[in-house]
Amino acid sequence: MSEKASLLTPIPPIRKADPQNQPAPESSVDVANASTTVDGSASSVVAESQSITVFQAVNYASLVLCFCLAGFAAVVLFRKASKIAEANLLPVRKF
């Protein structure tokens, strides 16, 4: 049964494009905005504006703040633990 099991789905074969069916590239397409697909035909890519929403900005700021607070807490706890360990491990000298 395990010999027939497969975790990957089969990949369909890539079909080569016929030169007669290829659309003629437009002369008004910029070279920077053009991309080539698998079959070799050129297509234009519409530039989308990339911006983040207010929710994403607040979410990112809270993530950075939590990271900074966790680092600060780690430093404080490490200093406290090292003081306790130093007091417990070093013998008290009485003169």
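Calculation criteria
Residues numbered from 1 in each chain as written. Predicted model: local features only at pLDDT ≥ 70, side-chain atom pairs only at ≥ 80, totals over all residues. Heavy atoms only, no water. Helix = DSSP H or I, 4+ residues; strand = E, 2+ residues; numbered from the N terminus. Buried < 20%, exposed > 50% of the residue type's maximum accessible area, 1.4 Å probe, protein only. Areas by Shrake-Rupley, 256 points an atom, 1.4 Å probe, with all protein chains shown as cover. pLDDT = per-residue confidence, 0-100. Expected span 1.5 Å × (residues − 1). Disulfide = S-S within 2.5 Å. Patch = residues over 30% accessible without salt bridge, like charges linked within 9 Å, V, L, I, M, F, W, Y side chains within 5 Å. Salt bridge = Lys/Arg side-chain N within 4 Å of Asp/Glu carboxyl O.

Check the secondary structure of the chain and you find one helix and two strands. The secondary structure elements of the chain, listed N-terminal to C-terminal, are β-β-α. Expressed as a percentage of its 95 residues, the buried residues of the chain come to 1%. Of the accessible surface of the chain, which amounts to about 9900 Å², a share of 64% is contributed by carbon and sulfur atoms.

A few words on the confidence of the model for the chain. For the chain, per-residue confidence averages 76 on the pLDDT scale, and 59% of positions sit at 70 or higher. Helix α1 (residues 54-89) holds the highest mean pLDDT among the elements of the chain, 95, whereas strand β1 (residues 34-36) holds the lowest, 52.

The next subject is α1. Over its 36 residues, α1 runs 52 Å from end to end, which matches the ideal 52 Å to within 8%, given 1.5 Å per residue. Here α1 lies mainly on the outside; zero of its 36 residues are buried.

Glancing now at the state of the cysteines. According to the stated counting rule, one finds zero disulfides in the structure shown. With no disulfide partner, C66 has as its closest neighbouring cysteine sulfur the one in C68, 9.4 Å distant.

Together, Y60, L63 and V64 make up an exposed nonpolar region whose accessible area comes to about 320 Å². Note on placement: L63 falls in helix α1.

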